[in-house]
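Observations on the three-dimensional arrangement
Listed here are the chains, written in short residue letters.
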Amino acid sequence: MQGTTENYIHLEKVSKIYGTKEVKIIAVDEISFNIAKGEFAVIVGPSGAGKTTVLNILGGMDTATSGQIWVDGRNIAKYNNRQLTSYRRDDIGFVFQFYNLVPNLNVEDNILLPILLDGKKIKDYENPLSEILEITGLTERRKFKPRELSGGQQQRVAIARALLFGPELILADEPIGNLDSKSGIEIMELFKKINREMGKTIIQVTHSEEAALYGTRLIRMKDGVIKEDKRIEQK
Ligand code: ADP
Ligand code: MG
């Protein structure tokens, strides 16, 4: 299949089964959906619904037991480990509930860490870094250490780091799960901006019905299946 704009992401009968012969846990049960380029999809559902599993499969951090996963025309279900590694690094920006910042590095160096680890030249990333600092509202705090930042600000740093290599797809797993409601709303506003102004496709998992309203698309999961899938009016 070609990676058309409408079929930017296409999951077909994707399942993930954990466990042994005796005890099987069907975490994801033959789910299918499409996500168009530029959508901001939010996956909601109770704990254990299979949300993280779906996101990890999409991000190449976990493999499906069966099914096909097309991202921009490529079937990542058929990728080998080497292909998955470069897919994760170059094509996806990941954001998690916990910010995974290095305590003794300042904001700038935390954002640039993937470049340092990759042995790339920091000089080549000066322009993207300034743009990303501006968009995430961190320009004034670029020399601060994580302990000098609020939780919301630390999550901004993690989001900035996810944007550094210019991925078209951002995957976020409970990114506001550790924040108070005011900071949570600010982070949702930031994702909305990244979606609208930078044109990034976002898939976000959340417990929060309120946060879900910042998306353009709502996918509701329970017991490994999709219970509801609809376009929504973005807040
Ligand atoms: P959610 O993110 O919606 O809370 P998960 O995708 O984390 O749900 O988990 C879905 C189901 O799969 C749960 O029943 C969970 O216990 C199970 N599960 C997740 N990861 C593993 C694993 N590594 N081994 C066994 N079971 C797992
Ligand atoms: Mg989860």
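Quick caveat, the model's predicted, so the values are computed rather than measured. (Residues numbered from 1 in each chain as written. Chains lettered and ligands numbered in written order. Predicted model: local features only at pLDDT ≥ 70, side-chain atom pairs only at ≥ 80, totals over all residues. Heavy atoms only, no water.)

Overview of the overall build of the chain
Cut-off, in case you're wondering: Note on conventions: DSSP H or I runs of at least 4 residues are helices, E runs of at least 2 residues are strands, and numbering of each starts at the N terminus. Only C-alpha atoms enter the radius of gyration; for comparison, a globular chain is expected to reach 2.2 Å times N to the power 0.38, where N is the number of residues. Categorising residues by exposure relies on relative accessible area from a 1.4 Å probe, with only protein chains included: less than 20% of the type maximum marks a residue as buried, more than 50% marks it as exposed, and the intermediate range marks it as partly exposed. The contact rule is simple, with two residues in contact once any of their heavy atoms fall within 4.5 Å. Computed with the Shrake-Rupley method and a 1.4 Å probe, the accessible areas treat only the protein chains shown as cover for residues. The sign given to each residue is positive for Lys and Arg and negative for Asp and Glu; His and the chain ends receive no count. To locate a charge, take atom NZ for lysine, CZ for arginine, CG for aspartate or CD for glutamate.
The helix and strand tally for the chain stands at 7 helices and 10 strands. For 235 residues, the compact-globule estimate of 2.2 N^0.38 gives 18 Å, and the C-alpha radius of gyration of the chain, at 18 Å, lies within 12% of that figure. Here the chain, with 235 residues, has 48% of them falling under the buried criterion. Restricting the contact set of the chain to residue pairs at least 6 apart, pairs at least 24 apart contribute 69%. Surface summary for the chain: the accessible area is close to 11,600 Å², and the carbon and sulfur share equals 48%. For the chain, the distance from the average site of its 33 positive side-chain charges to the average site of its 32 negative ones is 3 Å.

What about the pairing of strand β10 (residues 225-231)?
The following threshold applies: If DSSP finds at least two bridges between two strands, the strands pair.
Across 6 bridges, the pairing between strand β9 (residues 217-222) and β10 is antiparallel. Within β10, the position partnered with Met221 by the bridge is Ile226. In sequence, β9 turns back onto β10 through a hairpin of 2 residues, with Asp223 there showing a positive phi of about 50°.

Here we look at helix α1 (residues 51-58)
Here α1 lies mainly inside the structure; 7 of its 8 residues are buried. When we look at burial in α1, the residues that qualify are Lys51, Thr53, Val54, Leu55, Asn56, Ile57 and Leu58.

Quick word on unusual backbone geometry
Although it is not a glycine, Glu30 adopts a positive phi angle of roughly 50°. Position of Glu30 relative to the elements: it lies in strand β2 (residues 24-35).

Examining the nonpolar core
Rule in force here: Remark: nonpolar core denotes a set of buried residues (Ala, Val, Leu, Ile, Met, Phe, Trp, Tyr, Cys) joined through side-chain atoms within 4.5 Å.
The biggest cluster of nonpolar side chains holds 38 residues, and the ones touching the most others in it are Ile111, Ile159 and Phe191. Of all the elements in the fold, those that place two or more residues in this core are β3 (40-44), α3 (107-117), α4 (126-135), α5 (151-163), β7 (169-173), α6 (181-197) and α7 (209-212). Among the elements that line this core, the one with the most residues is α5, at 6 residues. The residues touching Ile159, leaving out its near neighbours within four places in the chain, are Val95, Ile187, Leu190, Phe191 and Ile194. Counting residues in hydrophobic clusters, the runner-up holds 30 residues, among them Ile31, Ile57, Ile92 and Ile203.

A few points about the site of ligand 1
Our working rule: To be near a molecule or strand, a residue needs just one of its heavy atoms within 4 Å of it. Here a polar contact is taken to be a pair of N or O atoms separated by no more than 3.5 Å, where protein atoms must pair a possible hydrogen donor with a possible acceptor and residues adjacent in sequence count only if both atoms sit in side chains. Each residue is assigned to one class: nonpolar for Ala, Val, Leu, Ile, Met, Phe, Trp, Tyr, Cys and Pro, charged for Asp, Glu, Lys and Arg, and polar for all the others, Gly among them.
All residues adjacent to ligand 1 are Tyr18, Ile25, Ala27, Pro46, Ser47, Gly48, Ala49, Gly50, Lys51, Thr52 and Thr53. The separation between an oxygen atom of ligand 1 and a polar main-chain atom of Ala49 is 3.1 Å. Taking Thr52, its side chain carries an N or O atom lying 2.8 Å from an oxygen atom of ligand 1. Surface burial for ligand 1 is 60%, taken as the share of its 560 Å² of free accessible area covered by protein chains. Sorting the residues of the shell around ligand 1 by element identifies β2 and α1 as the ones contributing at least two each. With 3 residues, α1 is the largest single contributor of residues to the shell around ligand 1. Across the shell around ligand 1, the residue classes tally to 5 nonpolar, 5 polar and 1 charged.

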